[in-house]
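# Descriptive structure summary
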Amino acid sequence: KYTFTLAFYQKEQGDLKAAAATLQALLEKRPVSADAYLLLAEIYGQQGNRSEAAAVLRQAQQVEGLSPQDRARIAVMLQKWSTPEPQEGHKTGNR
């Protein structure tokens, strides 16, 4: 849990690169950590890298040993990051 807490703190301090590196190291050692995958996806999303966020969550879906609740949380986030962000300057539904 210490490593996840460190990554969360790094993210909160705005050091997204360090937080991502910490989470990647955690997932190499302990791949059954839904929270780590979710936080890493959030960080990639904050960096504007939606495709990397979705890729991390797709990787998480392949991990054995996750609870049904964790799988559901991952699926919800994957849907969020897989949906294209509206183009700036374009309003949806208005022409």
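Residues numbered from 1 in each chain as written. Predicted model: local features only at pLDDT ≥ 70, side-chain atom pairs only at ≥ 80, totals over all residues. Heavy atoms only, no water.

What follows deals with the packing of helix α4 (residues 50-61) against helix α5 (residues 68-82). It is the contact of α4 with α5, at a shortest axis distance of 9 Å, that shows an interaxial angle of 155°. In this view, α4 runs roughly antiparallel relative to α5, as classed from their interaxial angle. α4 and α5 meet at a crossing whose hand is left-handed. Two secondary-structure elements touch here, α4 through Arg50, Ala53, Ala54, Leu57, Arg58, Ala60 and Gln61 and α5 through Arg71, Ile74, Ala75, Met77, Leu78, Lys80, Trp81 and Ser82. Grouping the amino acids of the contact of α4 with α5 by side-chain chemistry returns 9 nonpolar, 2 polar and 4 charged. (Axes fitted to C-alpha atoms, helices over the stretch in contact; angles between N-to-C directions. Helix = DSSP H or I, 4+ residues; strand = E, 2+ residues; numbered from the N terminus. Parallel < 35°, antiparallel > 145°, perpendicular 65-115°, else oblique. Left-handed = near helix turned anticlockwise from the far one by under 90°. Contact = heavy atoms within 4.5 Å. Nonpolar A, V, L, I, M, F, W, Y, C, P; charged D, E, K, R; others polar.)

Here the focus is the pattern of salt bridges. Taken as a whole and assessed by the stated rule, the structure comprises 4 salt bridges. One salt bridge connects Lys11 with Glu42, and the closest N-O pair in it is separated by 3.1 Å. With Lys11 in helix α1 (residues 2-12) and Glu42 in helix α3 (residues 34-46), this residue pair connects regions lying 31 residues apart in the sequence. Judged by its relative accessible area of 11%, Lys11 falls in the buried class. Among the charged side chains, a network of salt bridges with common partners joins Lys11, Glu12 and Glu42. (Salt bridge = Lys/Arg side-chain N within 4 Å of Asp/Glu carboxyl O. Buried < 20%, exposed > 50% of the residue type's maximum accessible area, 1.4 Å probe, protein only.)

Taken together, the buried positions of α1 are occupied by Phe4, Ala7, Gln10 and Lys11. One face of α1 carries all of its buried residues, which in axial projection span an arc of 120°. Of the exposed residues in α1, the ones pointing more than 90 degrees away from its buried face are Tyr2 and Tyr9. For α1, the secondary structure elements touched by its buried residues are α2 (16-29) and α3. Looking at the residues trailing α1, positive phi occurs at Gly14, about 90°. (Arc of directions from axis to C-beta.)

Attention shifts here to α3. Here α3 is 13 residues long and its end C-alpha atoms lie 18 Å apart, about the 18 Å a rise of 1.5 Å per residue gives. Taken across its 13 residues, α3 has 10 buried, putting it largely inside the fold. Of all the positions in α3, only Ala34, Ala36, Tyr37, Leu38, Leu39, Leu40, Ala41, Ile43, Tyr44 and Gly45 are classed as buried. Those residues of α3 that are buried are in contact with α1, α2, α4 and α5. At the exit of α3 stands Gly48, carrying a positive phi of roughly 85°. (Expected span 1.5 Å × (residues − 1).)

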